[in-house]
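Coordinate inspection notes
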Amino acid sequence: MRSALTAWLSRPLASFHLILAVFGLLTVLGLIMVLSASSVESYSKEGSSYSVFVKQLAYTVVGLVLFWLILRMPLRVIRRMTLVFMGISVLLLVMVLLPGVGAKLNGAQSWFKIGPVSFQPVEPAKIALALWGGHVLATKRALLHQWRHILVPVMPAALLMFALLMLQPDLGSTVTLIIIVLALLWFAGAPMRLFGVLALGAATGFGVLAVTAGYRLDRLTSFFDPENASGDSVYQASQALYALADGGLFGVGLGQGSAKWRYLPNVHNDFIFAVIGEELGLVGCLLVLTLFGLLAYSGLRIAMRNTDPWIRLVSATFTVWLVAQAAINMGYVVGLLPVTGLQLPLISSGGTSQVMTMVVFGLLANFARHEPEAVAALRSLGPGRVGRLLRLPAPEPYRPPARRRTARAAVPPKPAGRPAVHRGSATHQLDDRRRTRRNPAAADARRRGNWRQAQDYR
């Protein structure tokens, strides 16, 4: 089995197939668990057990279309559009704060609402920051040993986005953006001293934000002192642990959990991992952990096997983002971290988050098809079964960017060859000594000090 697995992983398209498998399994598992977790709340509010599930299914269809389009798009086009994408994302983050333009939901003005459709601009902003930041750092990779080149302009743009998010306020999305920035700097090779400074600044900022908002302070106090804490945060954490404990090894059965009967708020969103533990047991939780572990392996494998610096940097950043967000979500469900409100990628209910996560998987799958061995196989042997089914074009091989031509000098350049020297200089004398070494007459004239005669003998 080990040799068969090694042989399969050595195939040119192994990374591409792994990403597709993880993407498909997480999507199907997410739809099943959203249907199970939201059925009670959907029936009590809408009179139908399928209202939340139908919305999630519609967003999933939109995400699948975007996944296919991103998978077909040439990477050079995506890289050229990173600055435009970044500018539009920042503009949307500004517009959502304007009165009458943005909508307020769950205490944060972070939504655009057009009829029954809602849109959260921070989700595409995360992708834009990763793509644009990777482009900037990959372009300046020869200068990243200098602090000003590794920080500017990535850090000012990131700080602007942090400020706009905290004005909403949206602490969970701010945590995700911090993860993206740290991953970009880490894989770009930033010095460790910089991470120490950033960690100190982040800890100070989170401390100030926790003190200035009562509900954030309640979350921290309930995490560090759950016995004496009170409020919704400690109630959610306790009910999540009860649901996990009821599940045991194999769970109580799909759809048979009791936590969704108004015992656990946001059960189909932030705390859906507790429903997985209750209905599918430890086996279901280990399945989710395995899928995200495979995502981590596949994403870092894509980064290591590519030659394009931009692909390497962006694919590693996307992988760290998704896996870290999943780890934070599962961490606060099991009581290891304070409650932050981050969703479980592709499993939790959420429209914009679902669509943008599928876009990220489309980019990772596109990156996997641009590994050098995959490019050679696809261009020589054809698209394969999956490529024919999805009608994917052959990827283009990586070509390093052409070096910029230097400006033409005002003085005409000297002809190629040995540099000109002045007669009688030390360099000229050494040059004559080398040329006349095998000519006795010239050497004799040189010893007598007659350099002109030695030049004639040469």
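Nothing here was measured: the structure is a model prediction, and the numbers come from that model.

A word on the overall build of the protein. The helix and strand inventory of the protein stands at 21 helices and three strands. Counting only residues that meet the buried cut, the protein has 45% of its 458 residues in that class. Counted over contacts in the protein with a minimum sequence separation of 6, partners at least 24 positions apart contribute 69%. Taken as a whole, the protein presents about 24500 Å² of accessible surface, with 64% of it coming from carbon and sulfur.

This brings us to the pattern of salt bridges. By the definition in use, this model includes seven salt bridges. Residue Glu279 is joined to Lys260 by a salt bridge in which the shortest nitrogen-to-oxygen separation is 3.2 Å. Of this pair, Glu279 sits in helix α13 (residues 272-279) while Lys260 sits in the loop between α12 (232-247) and α13, and the two are 19 residues apart along the sequence. Lys260 carries the same exposure label as Glu279, and that label is buried. Salt-bridge contacts for Glu371 lead to Arg305; the nearest nitrogen and oxygen are separated by 2.9 Å. A residue pair is termed long-range when its members are at least 10 positions apart, and Glu371 in the loop between α16 (351-368) and α17 (372-381) and Arg305 in helix α14 (residues 281-305) qualify at 66 residues.

A separate point is the sheet that holds strand β3 (residues 117-119). One open sheet holds the three strands; their spatial order is β1-β2-β3, and the pairing between them is antiparallel. Both outer strands of the open sheet, β1 (103-105) and β3, are each paired with one neighbouring strand and no more. In this sheet, neighbouring strand axes are inclined to one another by 50° on average, regardless of whether the strands run parallel or antiparallel.

Once that is clear, we can look at the UniProt feature "transmembrane region" (unreviewed entry) in the protein. According to UniProt, the "transmembrane region" (unreviewed entry) feature falls on residues 12-38, 50-71, 83-101, 173-190, 197-217, 271-298, 310-334 and 346-368. In residues 83-101, helix accounts for 68% and strand for 0%; the two terminal C-alpha atoms are 24 Å from one another. Taken end to end, residues 346-368 comprises 78% helix and 0% strand; its first and last C-alpha atoms sit 20 Å apart.

Taken as a whole and assessed by the stated rule, the structure comprises seven aromatic pairs. Seen in terms of ring centroids, Phe271 and Tyr332 are 5.5 Å apart; in terms of plane orientation they differ by 65°. Their pairing is edge-to-face. Remark: Tyr332 occurs in helix α15 (residues 309-333) and Phe271 occurs in the loop between α12 and α13; sequence separation between them is 61 residues. Phe271 sits in the buried class, given a relative accessible area of 0%. Their ring planes at 80° and their centres at 5.8 Å tell us that Trp310 and Phe367 sit as a pair that is edge-to-face. Of this pair, Trp310 sits in helix α15 while Phe367 sits in helix α16, and the two are 57 residues apart along the sequence. For the pair formed by Trp310 and Phe367, the shared burial category is buried. Pairwise contacts between aromatic rings join Phe23, Phe67 and Phe361 into one cluster. The ring centre of Phe16 lies 6.0 Å from the NZ or CZ of Arg369, which sits over that ring.

Within the largest apolar cluster, 98 residues are counted, with the highest numbers of intra-cluster contacts made by Phe318, Phe361 and Phe367. The element contributing the most residues to this core is α15, with 12 residues. If we ignore the near neighbours within four places in the chain, the residues touching Phe318 are Ile127, Ala130, Leu131, Val360, Leu363, Leu364 and Phe367.

Moving on: unusual backbone geometry. Cis geometry marks the peptide bond from Val152 to Pro153, where omega comes out at 5°. Looking at where Pro153 falls in the secondary structure, it is placed in the loop between α7 (147-151) and α8 (154-166). Here the residue pair Gln168 and Pro169 is connected by a cis peptide bond, since its omega of -10° sits within 30 degrees of zero. In this structure, Leu346 takes a positive phi of about 65° despite not being glycine. Considering the arrangement of structural elements, one finds Leu346 in the loop between α15 and α16.

Conventions we followed
Residues numbered from 1 in each chain as written. Predicted model: local features only at pLDDT ≥ 70, side-chain atom pairs only at ≥ 80, totals over all residues. Heavy atoms only, no water. Helix = DSSP H or I, 4+ residues; strand = E, 2+ residues; numbered from the N terminus. Buried < 20%, exposed > 50% of the residue type's maximum accessible area, 1.4 Å probe, protein only. Contact = heavy atoms within 4.5 Å. Areas by Shrake-Rupley, 256 points an atom, 1.4 Å probe, with all protein chains shown as cover. Salt bridge = Lys/Arg side-chain N within 4 Å of Asp/Glu carboxyl O. Pairing = 2+ DSSP bridges. Axes fitted to C-alpha atoms, helices over the stretch in contact; angles between N-to-C directions. UniProt positions renumbered as here; feature names shortened; annotations may be inferred. Phe/Tyr/Trp six-rings, centres within 6.5 Å; stacked < 30°, edge-to-face > 60°. Lys NZ or Arg CZ within 6 Å of the ring centre and 35° of its normal. Core = buried A, V, L, I, M, F, W, Y, C linked by side-chain atoms within 4.5 Å.

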